[in-house]
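# Analysis of the macromolecular model
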Amino acid sequence: MSEVVIHKGLENIVITETKLSYIDGEKGILYYAGYPIEDLAKYSSFEEVCFLLWHNRLPSRKELDELKRSIRENAEIPWEVVDLMRKAPKKAHPMDIMRTAVSALGPYDPELEDNSREANIRKSIRLQAKVGTITAYIYRIKEGLAVIPPSKKLDYAANFLYMMFGKEPDELSSKIMDVALILHAEHELPASTTAALTTISTLSDIYSAVVSGIAALKGPLHGGANEKALEMLKEIKSPERAEEYIKKALAEKKRIMGFGHRVYKAYDPRARIFKEYFKKLCEQRNDWTMYRTAEKVEEVMISLLGHKGIFPNIDFYSGAVYDMLGIPSYLFTPMFAMARTSGWTAHIIEYLQDNRLIRPRAHYTGQLDLKYIPIEQR
Ligand code: ACO
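In this text, all values refer to a predicted model and were calculated from it rather than measured experimentally. (Residues numbered from 1 in each chain as written. Predicted model: local features only at pLDDT ≥ 70, side-chain atom pairs only at ≥ 80, totals over all residues. Heavy atoms only, no water.)

## Here we look at the overall build of the protein chain
Defined as follows: Helical segments are the DSSP runs of H or I of at least four residues, strand segments are the runs of E of at least two, and each set is numbered from the N terminus. Radius of gyration here uses only the C-alpha atoms, and the compact-globule reference equals 2.2 Å multiplied by the residue count raised to the power 0.38. Exposed residues in this analysis have more than 50% of their type's maximum accessible area, buried residues have under 20%, and partly exposed residues fall in between, with area computed by a 1.4 Å probe over protein chains only. Each accessible area value is a Shrake-Rupley result obtained with a 1.4 Å probe; residue values ignore everything except the protein chains displayed when judging cover.
Within the protein chain, the secondary structure is distributed over 16 helices and three strands. A compact globule built from 378 residues would reach a C-alpha radius of gyration of about 21 Å, and the protein chain, at 22 Å, matches this within 12%. Each of the three principal axes of the protein chain carries a C-alpha extent, and together these read 75 × 55 × 45 Å. Here the protein chain holds 378 residues, and the buried ones make up 52% of them. As displayed, the protein chain offers around 19300 Å² of accessible surface, 52% of which is attributable to carbon and sulfur atoms.

Here it is, written out as structure tokens:
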């Protein structure tokens, strides 16, 4: 018994091989299928990254056009599912609505029970197409607005903003949304992807596995830190107040949201990219208050905690960027799920190529051989 080693939280346990993403946390490096995240953010598109993750190679022009067409054609969701979303209690958590909607979609898919690679890629396209619509509709329904049918000509990111706000977004807003989707698409095996793999390893179905991913992402230890980081920046209000605020919070042993990461002990490369686009957005809007405040918070945090490997993570700048795009903070985690559906489905497809039922063990520490006492004698 004393030889048992318990790996709480499966920390540093390698459960599978993958060709989907590579993270070097010490150097702050991230690759998707061999391509640096910086290049994908700069030159690629979300649809191209989806293709890369599902097929492990970049598409030809024809293949990319075909994928974009297919995503557009599959973006509508059955009215019964829209109705189900509408009937959710007013105070329902947006992630509960999303989880329920994706779960409800499963039986509408004609290939639900076919777990072949080809069928799962086709289902991933259909599901990816529909989660964008679901996410936009969560917003429309919550705000008491009529839902907007998906556009037949816009690409994924622009179409999402169109279904949110009812007008075609400008070029910079579309690019920023596209980059945000790329940056959230994939990140190896966080809790949500592990949950999705656990479900698919029983040979369940891809919708059920994605529902498991959404369920795990709901928790504040996974999705949701950007909402809190934004709240903090709004509370600090100006760069002059940043140093005092951070020092006080740290003295009170508070965690500063949007900093630190289990894997990255250097600057999260995704945060660097978000920061760049945050700056472009501030230039366009000529509104620098939040940017200057955030920059000061970053400077103070790095000077105080950089030596411990604590730097901005993806959540530090993303909330502020979404806020400037007019997106309410309750939608941040569903948007994360919308982007990560590509990574979840890619991992599901990859894992099924060499499936092994995920079934860890637990070390029993209770008593044995207790004598059963009938209830009336206890
Ligand atoms: N603010 C202040 N101190 C911090 C922070 C932070 N954000 N993060 C870590 N620390 C400190 C801890 O207090 C601890 O200090 P100690 O050694 O003096 O006790 C030390 O750094 C190590 O902290 P751990 O909790 O052991 O580090 P871990 O790797 O488990 O934490 C985590 C990672 C949970 C993300 C943490 O950094 C945190 O809570 N950050 C804030 C929440 C956040 O931004 N989450 C988003 C992560 S990105 C994503 O999920 C998409």
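## Here's the deal with the UniProt feature "active site" (unreviewed entry) in the protein chain
Selection criterion: UniProt positions are given in the numbering used here, feature names are shortened, and annotations may be inferred rather than shown by experiment. Contacts: residue pairs with any heavy atoms within 4.5 Å of one another. What qualifies as a polar contact is a pair of N or O atoms within 3.5 Å, subject to a donor-acceptor requirement within protein and to the restriction that residues adjacent in sequence count only when both atoms come from side chains.
UniProt tags His261 and Asp315 as "active site" (unreviewed entry). In terms of the greatest pairwise C-alpha distance, the residues named above, spread along 55 residues, form a tight cluster of at most 10.3 Å across. Mapped onto the elements, His261 comes out in the loop between helix H12 (242-251) and helix H13 (269-285). Residue classification places His261 among the partly exposed residues on the basis of a relative accessible area of 23%. If near-sequence neighbours (up to four positions away) are discounted, His261 is found in contact with His187, Arg270 and Asn313. At 3.2 Å, the side chain of His261 forms a polar contact with the backbone nitrogen of Tyr264. Examined against the element boundaries, Asp315 turns out to sit in helix H15 (residues 314-324). What makes Asp315 buried here is its relative accessible area of 8%. Apart from the residues within four sequence positions on either side, Asp315 is in contact with Ala225, Asn226, Ala229 and Gly258.

## Some details on the sheet that holds strand E2 (residues 29-32)
Formally: The pairing criterion for strands is at least two bridges between them, as found by DSSP.
Here we have three strands laid out as an open sheet, ordered E1-E2-E3, and antiparallel in their pairing. Because the sheet does not close on itself, it has two edges, and the strands there are strand E1 (21-24) and strand E3 (35-36). The pairing of E1 with E2 spans four bridges and is antiparallel. Across the sheet, Tyr22 pairs through a bridge with Tyr31, a residue of E2.

## Considering the packing of helix H5 (residues 94-105) against helix H10 (residues 206-217)
Put simply, the rule reads: Simply put, an axis is a line fit to the C-alpha atoms, just over the touching stretch for a helix, and the angle between two N-to-C directions goes from 0 to 180 degrees. Just so you know how the angles are binned, under 35 degrees is roughly parallel, over 145 roughly antiparallel, 65 to 115 roughly perpendicular, and the rest oblique. Note on residue classes: Ala, Val, Leu, Ile, Met, Phe, Trp, Tyr, Cys and Pro are nonpolar, Asp, Glu, Lys and Arg are charged, and everything else, Gly too, is polar.
Where H5 contacts H10, the two axes come as close as 9 Å, and the packing angle between them is 175°. On the basis of the axis angle, H5 is roughly antiparallel to H10. Only Tyr207, Val210, Val211, Ile214, Ala215 and Leu217 of H10 make contact with H5, whose side of the interface consists of Met95, Met98, Arg99, Val102, Ser103 and Leu105. Residue classes in the contact of H5 with H10 are distributed as ten nonpolar, one polar and one charged.

## Side note on the site of the ligand
Here is the rule we go by: If even one non-hydrogen atom of a residue comes within 4 Å of a molecule or strand, that residue is called near it.
By nearness alone, 19 residues border the ligand, and Arg255, Ile256, Gly258, Phe259 and Lys308 come closest of all. Arg255 is positioned with one of its side-chain polar atoms (N or O) 2.9 Å from an oxygen atom of the ligand. Here an oxygen atom of the ligand sits 2.7 Å away from a polar atom, N or O, in the side chain of Lys308. Its free accessible area being 930 Å², the ligand has 65% of it covered by the protein chains. Each residue belonging to the shell around the ligand can be placed in one class, and the counts come to eight nonpolar, five polar and six charged.

## Some thoughts on the pairing of E2
The side-chain alternation of E2 yields one buried face, formed by Leu30 and Tyr32, and one unburied face, formed by Ile29 and Tyr31. Between E1 and E2, which pair antiparallel in sequence order, lie four residues; one of them, Gly28, sits at a positive phi of approximately 70°. Sheet topology note: the E2/E3 ladder contains two bridges and is antiparallel. Across the sheet, residue Tyr32 finds its bridge partner in E3, namely Tyr35.

## Concerning the pattern of salt bridges
To keep things clear, this is the line we draw: Any Lys or Arg side-chain nitrogen located within 4 Å of an Asp or Glu carboxyl oxygen qualifies as a salt bridge.
Counted according to the given criterion, the structure contains 23 salt bridges. Notably, a salt bridge pairs Glu111 with Arg122, separated by 2.6 Å at the nearest N-O pair. Taken together, the positions of Glu111 in the loop between H5 and helix H6 (117-142) and Arg122 in helix H6 put the pair eleven residues apart, joining distant regions of the chain. Glu111 gets classed as buried once you look at its relative accessible area, which sits at 17%. For Arg122, a relative accessible area of 37% translates into the label partly exposed.

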